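# Examining the three-dimensional arrangement
Spelled out from the first residue to the last, the chains are:
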Amino acid sequence: MSDTTPTPHGAALLGAGTARRSLGTATPATRIIGLLTLATMTWVVVSAFFITSPDVVQGDSVRIMYAHVPAAWVAYLAFVTTAIASGISVVRRHRTLGFDRVAGASAEVGVLFMGLALVTGSLWGRLTWGTFWQWDPRLTTTLFLFITYVGYLAVRRIDASPERRAKRSAVLALLAVLEIPLVHFSVVLWRSLHQEASVLNPDGDVRLDGLMLFTLFSGVVAFTLGFVWLVIHRQRLQALVDLQGTVGLDSAIAARATEAVLR
Amino acid sequence: MRNVFAVARKDLVVEWRARLLLVRVLPFALLVLVLFAVALDSEALLERAAAGLVWLAAMFAALLVVQRCYDIETADGALDMLLTSVVEPSRVFFGKLLAVVGQLLVLVVVLVGGAVVLYGVRVDAAGLVLLVTTVVTAVIGLASVGTLYGAVVAQLTGRDSLLPLLAMPVLAPLLIGASRATEAAFGSRTIDLATGWAWTALLAVFAVVFTAAGAASFATLTEPDA
Amino acid sequence: MKDLGFILLSWSVTLGSMALLALATLRRAKSLAARIRRPEALAVVAMELTPRPDQPASSRRRLLPAIIAGLAVVVGIGIVAIFLTSSIDYYCNVDEIGVREGCDDTRRVRVQGTVDEGSLEQRMSTTAFVMSFNGASLPVEYDGEPGGIFQECIPVVAHGRVVDGVLQATRIEVKHSNEYEAQNKERITEAETSACS
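We now turn to the structure provided with this report. Model, not experiment: these values are computed from the prediction.

## A short note on the overall build of chain C
Counting its secondary structure elements, chain C contains 4 helices and 7 strands. Along chain C, from the amino end to the carboxyl end, the secondary structure elements read α-α-α-β-β-β-β-β-β-β-α. Residues counted as buried form 36% of the 197 residues belonging to chain C. Expressed as a percentage of contacts within chain C between residues at least 6 apart in sequence, the contacts between residues at least 24 apart total 47%. As displayed, chain C has an accessible area near 11,200 Å², and 58% of this comes from carbon and sulfur atoms.

Written as structure tokens, this is what we have:
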């Protein structure tokens, strides 16, 4: 049964059935996404450094924005993805753990991007506000959000059965995602040192020059593509890890059985 | 409702027989208060920080109480037994919540007493009413978050370090609210009573939200793996 | 280019860590796949990922409490947010000093206002300027050189205590607006002629 009709997904996972072997988690689709990511990212870097002009007030430090804003946006996107995947895995009673794996992979990538948003924001803050860190509402709530998801990942790393891991972490993810609106609107709600959003603000008007806006927008596209690529690969990696456990157990049982027969 | 009380009574009886709260948690919480006093080493600073320190000590101690409340269940698969009886999981949650609230009330009352003795705070009649309300609402909030996140990490290895990591970011608003309201109730008067009452309203919302979330998710958290 | 170090650091940390995670994922997957590639394993994968039909009876009972809890939490957060707007703002505006609750001039405050044009003065190590907001103004003295993009006509937040009508600042932060404009000849001259408009 195994070598006649393997599912396309399973085949892709192991690199069997395709012309090139030893591919690990790559498929034609992810390769296209990867190339698109590289292309858009190159354009963003070139435009951010060489084409766009410095801001009237902030000068060159505005070039950090093209990394900071997309990183923060992708982190939100990742955490919302985690929550949606977790919600589905709780409500549906599939035996497959696919949704749980997507949730975990997305949170991993989200934590990376949230960390990047914090680091780049801190450097930008030093240049514009004159301070690396300040206990203001936006920064504090963002830090709590980051810690919350570090905790979520810690729960996922615990050595429990995949089903138990899935249930516990799904509840966590559904609680944690509720912090996001609080973080995003903390700038509007409390007065904050952090500026209000320039694009997604309540008034609905965009406060960016044309080329600056386009560069920022392509940054969001590039980072989102990178996010998709990373999540797909990490999700499949997790599947391989789970699979390794099963295969390892099977072969161990087989080996012991042979021993018993021989004895 | 009877089931809720039965679960709570069971927890409290187990607790009373072991007297863990008395011999371990309470001394720990008081020790935290004393250590803060030694570390800050300034009367004026202590009087201003008293409210925050009380609640910080309460939070640390509460995590111990919650841990204990699940350890007695998971020891001999007792939680599985509890769930195989026909009791609704949400009622088990409310029962455990009630038991934790009871223990934490004792704890916080002792801590406030400690602050009066050690930090020299004064409470007048109007402040006392606010103080009692704050303590009750904040303890319910603290207990509901603790009971919910305690269930998340129950039976997992390394839960002792996981629970603080998960619960503390969530408890941050509660810590702020309870500290401000208690500050208003204590004599220091950096915050007036009306603002203190407003913070108590926030604490009440917090308690309701997390009690609802806990009751809704307790079934998912405790059901045996398929 | 000014501040090149910080800008380069931001970008290299961002791109570097993304690339690192990608490469680590690929390498780990490759080695794992090499270890598992056996026909039996394929069968396991096929089994693992086949969707199973739902069990509707249990899913509906699960959905209702989840929806109720979700609604409760959303409403709760809304109430908290609305409530908090009135209470713990990061700063007071200049015109609210001594007027608004929590902005009393007797204690440490954080004051927001725009640096008046032509008011900036350097006396020895002290920076003095006047900041205004909504018609009210307040002189500020700060011991040292404010960092960041501090200049005239920029909104700032000053931390400190009001002594004899002068804010003795211990810290100055620049609160730049969310408007971005490309620098070019035309705009620079325009900005210089009508600076504080």
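## Overview of the overall build of chain B
Scanning chain B from terminus to terminus reveals 8 helices and 0 strands. The secondary structure elements of chain B, listed N-terminal to C-terminal, are α-α-α-α-α-α-α-α. Against the globule reference of 17 Å for 226 residues, chain B gives a C-alpha radius of gyration of 18 Å, in line with a compact fold. Taken along its principal axes, the extent of the C-alpha atoms in chain B is 55 × 30 × 30 Å.

## A short note on a nonpolar patch on the surface
All names here are of chain B. A contiguous nonpolar surface patch, about 790 Å² in accessible area, is contributed by Val34, Val38, Val116, Val117, Leu118, Val123, Leu128, Val132, Val136 and Ile140. Counting residues per element, the ones that place at least two in the nonpolar patch are α2 (20–40), α5 (89–119) and α6 (125–153). Mapped onto the secondary structure, valine 38 falls in helix α2.

## A short note on the nonpolar core
With 132 residues, the main nonpolar core has Phe113(A), Tyr149(A), Leu104(B) and Tyr149(B) as its most contacted residues. Broken down by element, the residue count for this core peaks at 16 residues, all from helix α3 (residues 43–74) of chain B. Ignoring any residue separated from it by four or fewer positions in sequence, one finds Tyr149(B) in contact with Leu172(A), Leu175(A), Leu163(B), Leu166(B), Val170(B) and Phe210(B). Val94(C), Ile97(C), Met131(C) and Ala158(C) belong to the second largest nonpolar core, which has 22 residues in total.

## A look at the pattern of salt bridges
By the definition in use, this model includes 6 salt bridges over all chains. Here Asp100(A) and Arg156(A) are joined by a salt bridge, their closest N and O atoms 3.1 Å apart. In this pair, Asp100(A) sits in helix α4 (residues 98–128) while Arg156(A) sits in helix α5 (residues 137–157), placing the two residues 56 residues apart along the sequence. Residue Asp100(A) shares its accessibility class with Arg156(A), and that shared class is buried. Put simply, Lys10(B) and Asp11(B) hold a salt bridge, and the shortest N to O gap is 2.5 Å. The structure contains a network of salt bridges with shared partners spanning Asp100(A), Arg156(A) and Arg165(A).

## Brief notes about the environment of Leu156(B)
Relative to the assigned elements, Leu156(B) resides in the loop between α6 and α7 (159–185). Those residues within four positions of Leu156(B) in sequence are excluded, and the remaining contacts are Val155(A), Ile158(A), Ala160(A), Arg164(A) and Arg168(A).

## Considerations on the pairing of strand β7 (residues 166–174) of chain C
The two faces of the sheet receive side chains in turn, since in a regular strand these alternate between them. Residue and element names in this part refer to chain C. Looking at chain direction, strand β5 (residues 136–143) and β7 are connected through 3 bridges and run parallel. Among the inter-strand pairings, tyrosine 142 is bridged to a residue of β7, identified as alanine 169. Bridge count for strand β6 (residues 155–163) against β7 is 8 bridges, and the pairing is antiparallel. Of the residues in β7, the one forming a bridge with histidine 159 is arginine 171. Between β6 and β7, which follow one another and run antiparallel, lie 2 residues, and aspartate 164 among them has a positive phi close to 50 degrees.

## A short note on the side chain of Ser132(C)
All names here are of chain C. With respect to the helices, strands and loops of the structure, serine 132 is situated in strand β4 (residues 126–133). On the basis of relative accessible area, serine 132 is assigned to the buried category, the value being 17%. For serine 132, the side chain forms a polar contact with the side chain of aspartate 116, separated by 2.5 Å. Excluding residues within four positions of it along the chain, serine 132 makes contact with Val94, Gly113, Thr114, Asp116 and Ser137.

## Focus on α5(B)
Working note: α-helix, 3.6 residues per turn, so residues spaced by three or four point in the same direction. Compared with the 45 Å implied by 1.5 Å per residue over 31 residues, the 43 Å span of α5(B) between its first and last C-alpha is a close match. Positive phi appears at Gly120(B), one or two residues downstream of α5(B), with a value of about 65 degrees.

## Side note on the packing of helix α2 (residues 28–51) of chain A against helix α1 (residues 4–36) of chain C
Here α2(A) crosses α1(C) at 175 degrees, and the two axes come no closer than 13 Å. Accordingly, the angle class assigned to the pair α2(A) and α1(C) is roughly antiparallel. For the pair α2(A) and α1(C), contact is made by Met41(A), Val44(A), Val45(A), Ala48(A) and Phe49(A) and by Ile7(C), Leu8(C), Trp11(C), Leu15(C) and Met18(C), respectively. Counted by class, the contact of α2(A) with α1(C) contains 10 nonpolar, no polar and no charged residues.

## Quick notes on unusual backbone geometry
Residues and elements named next belong to chain C. Despite not being glycine, asparagine 134 shows a phi value in the positive range, around 55 degrees. Examined against the element boundaries, asparagine 134 turns out to sit in the loop between β4 and β5. Positive phi values are uncommon outside glycine, yet cysteine 153 reaches one of about 70 degrees. Following the sequence through the fold, cysteine 153 ends up in the loop between β5 and β6.

## Brief notes about the pairing of β6(C)
Relative to β6(C), strand β2 (residues 109–115) of chain C runs antiparallel, the two sharing 6 bridges. Note that in β6(C) the partner of Val109(C) across the bridge is Gly160(C).

## Observations concerning the packing of aromatic side chains
All names here are of chain A. Evaluated as defined, the whole model comprises 11 aromatic pairs over all chains. On the basis of an interplanar angle of 55 degrees and a centroid distance of 6.0 Å, the ring pair of tryptophan 43 and phenylalanine 214 is categorised as tilted. Of this pair, tryptophan 43 sits in helix α2 while phenylalanine 214 sits in helix α8 (residues 210–262), placing them 171 residues apart in sequence. You can call phenylalanine 214 partly exposed: its relative accessible area is 44%.

## Quick look at the packing of α5(B) against helix α8 (residues 193–222) of chain B
Helix-helix packing is characterised by the crossing angle of the two axes and by the distance between the axes. All names here are of chain B. Contact geometry for α5 and α8: axes closest at 7 Å, N-to-C directions at 135 degrees. Comparing the axis directions of α5 and α8 gives the class oblique. For the element pair α5 and α8, the recorded crossing hand is right-handed. Facing α5, whose interface residues are Pro89, Ser90, Val92, Phe93, Phe94 and Leu97, α8 presents Thr211, Gly214, Ala215, Phe218 and Ala219. Across the contact of α5 with α8, the residue classes break down as 8 nonpolar, 3 polar and no charged.

About the cut-offs
Residues numbered from 1 in each chain as written. Chains lettered and ligands numbered in written order. Predicted model: local features only at pLDDT ≥ 70, side-chain atom pairs only at ≥ 80, totals over all residues. Heavy atoms only, no water. Helix = DSSP H or I, 4+ residues; strand = E, 2+ residues; numbered from the N terminus. Buried < 20%, exposed > 50% of the residue type's maximum accessible area, 1.4 Å probe, protein only. Contact = heavy atoms within 4.5 Å. Areas by Shrake-Rupley, 256 points an atom, 1.4 Å probe, with all protein chains shown as cover. Rg over C-alpha atoms; globule rule 2.2 N^0.38 Å. Patch = residues over 30% accessible without salt bridge, like charges linked within 9 Å, V, L, I, M, F, W, Y side chains within 5 Å. Salt bridge = Lys/Arg side-chain N within 4 Å of Asp/Glu carboxyl O. Core = buried A, V, L, I, M, F, W, Y, C linked by side-chain atoms within 4.5 Å. Pairing = 2+ DSSP bridges. Polar contact = N/O pair within 3.5 Å; in protein donor to acceptor, adjacent residues only side chain to side chain. Expected span 1.5 Å × (residues − 1). Axes fitted to C-alpha atoms, helices over the stretch in contact; angles between N-to-C directions. Parallel < 35°, antiparallel > 145°, perpendicular 65-115°, else oblique. Nonpolar A, V, L, I, M, F, W, Y, C, P; charged D, E, K, R; others polar. Phe/Tyr/Trp six-rings, centres within 6.5 Å; stacked < 30°, edge-to-face > 60°. Left-handed = near helix turned anticlockwise from the far one by under 90°.

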